[in-house]
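For reference, the chains in residue letters:
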Amino acid sequence: MTTVADDPRIQLAHDVLGAVEIVPDPLLPPRVVRVVDAGGRHFVAKQHAEQDRYARELHAYRTCGAHLSGHAPTLVGRYDASRTLLLTALAGDRADTVAPGSPEEELAHHEAGHVLGALHRATSMPQGGAVGAVLAQRLQGWIDQAVHADLINTAERNLLNHHAAILDNSLMDSAVCHLDYQPRNWLDGDVLSIYDFEHMRRDARIRDFARLEFRRWQAAPHLRTAFLDGYGRPLNGSEHRLLESFGAIEATTALVKGHKEDDLPLSAHGRTVLSRLT
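Here we summarise the structure given alongside this text. Model, not experiment: these values are computed from the prediction. (Residues numbered from 1 in each chain as written. Predicted model: local features only at pLDDT ≥ 70, side-chain atom pairs only at ≥ 80, totals over all residues. Heavy atoms only, no water.)

Taken together, 3 strands build an open sheet; the order of strands is S6-S9-S10 and the sheet is antiparallel. Single-partner strands in this sheet number two, and they are strand S6 (93–94) and strand S10 (192–194). Two strands pair when backbone bridges link them, and S6 and strand S9 (residues 186–188) are joined in this way by 2 bridges, in the antiparallel orientation. Paired with Asp93 across the two strands is Asp188, which belongs to S9. (Pairing = 2+ DSSP bridges. Helix = DSSP H or I, 4+ residues; strand = E, 2+ residues; numbered from the N terminus.)

Right under this line is the structure:
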């Protein structure tokens, strides 16, 4: 049996579950560890570096479980002082390990659409201007950072400012959104499950499609079709236009974060999305 006295993740697992054993899982990020208890049940323990993300993920697991029953982990323990969560581990393979172009990939997108649709329908609120104003302000902040770091030229700045103005003047319905909804956060098993709720909050409903649109669907539109079929409704014209403005957020955040973290693939992604915007 393995215990690590100075690791709050193992301390939490031990306090809640008793003796546990660490199970190596190379797909997990360094701050997450998989453990198995004496009864053979698997769990994951996750420690956050930032208090706001810990609080957001804790709130999401405590309030959204009813809308994602059977499709998301269950919170079984926490240490507020060390920002650590203990969750059930769900069975399945990460959906980004499925062969591209395979029937399994298309089915995963269909099922992911179904799960997200259930969450959005249960938490949707009518159209209003408040969400758009907040997103415009957030985009403007990223634009300012990009300008300060000399990451965009004047024409690109004007284009991004144009999309910020569109957001500021748009009415859009809101819902509880995952905001990192992509195959790396889906588990493809007997049922499709989702995890990693540290970004989850109420936001513009259509924004939950942005990472899929700009990281997957433009190169594989049949996956968009499968997803929206599972989701239960297509995008209308105004929603398509909003999605493009959310692409401005995707591009600018990728450029700024890629620059700050010296992440060349992320920077390249931001440049690619920016070049596609009109």
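Moving on: the sheet that holds strand S1 (residues 20–23). Adjacent strands of a sheet form backbone hydrogen bonds with each other and so pair up, either parallel or antiparallel. The 5 strands lie next to each other as S1-S2-S3-S5-S4, forming an open sheet whose pairing is antiparallel. Among the strands making up the open sheet, the edge pair consists of S1 and strand S4 (75–79). Averaged over all pairs of adjacent strands, the angle between their axes in this sheet comes to 30°, without regard to strand direction. Here strand S2 (residues 32–37) runs beside strand S3 (residues 42–47); their pairing, made up of 5 bridges, is antiparallel. (Axes fitted to C-alpha atoms, helices over the stretch in contact; angles between N-to-C directions.)

Moving on, we come to the pattern of salt bridges. Applying the stated criterion to the full structure yields 24 salt bridges. The partner of Arg53 in a salt bridge is Glu50, with the nearest N and O atoms 3.7 Å apart. Ionic pairing is found between Asp180 and Arg184, a salt bridge with its closest N-O pair at 3.1 Å. Residues joined by salt bridges that share partners form a network here, namely Arg31, Lys46, Glu50, Arg53, Glu57, Asp196 and Glu198. (Salt bridge = Lys/Arg side-chain N within 4 Å of Asp/Glu carboxyl O.)

Burial within S2 is extensive, with 6 of its 6 residues counted as buried. Residue alternation in S2 divides its side chains into two sets, Val32, Arg34 and Val36 and Val33, Val35 and Asp37, and both sets are buried. Pairing of S1 with S2, which is carried by 4 bridges, proceeds in the antiparallel orientation. Note on S2: the bridge partner recorded for Val23 is Arg34. Turn length for the S2-S3 hairpin, with the two strands adjacent in sequence and antiparallel, is 4 residues, and the turn residue Gly40 shows positive phi of about 85°. (Buried < 20%, exposed > 50% of the residue type's maximum accessible area, 1.4 Å probe, protein only.)

With that settled, consider the packing of aromatic side chains. Scanning the model with the defined rule gives 8 aromatic pairs in all. Geometrically, the ring pair formed by Tyr181 and Phe227 is edge-to-face, given 6.1 Å between the ring centres and 75° between the ring planes. On the criterion of sequence distance, the pair formed by Tyr181 in the loop between strand S8 (172–177) and S9 and Phe227 in helix H7 (residues 221–231) is long-range, its members being 46 residues apart. An identical accessibility class is assigned to Tyr181 and Phe227; each is buried. Joined through ring pairs, the aromatic side chains of Tyr181, Trp186, Phe209, Trp217, Phe227 and Tyr231 make up one cluster. (Phe/Tyr/Trp six-rings, centres within 6.5 Å; stacked < 30°, edge-to-face > 60°.)

Before going further, it helps to examine unusual backbone geometry. Unusually for a residue other than glycine, Leu179 sits at a positive phi of about 70°. With a phi angle near 65°, Asp196 is a residue other than glycine that sits in the positive phi range. As for its position among the elements, Asp196 is in the loop between S10 and strand S11 (201–204). On the basis of relative accessibility, which here comes to 15%, the residue Asp196 falls in the buried class.

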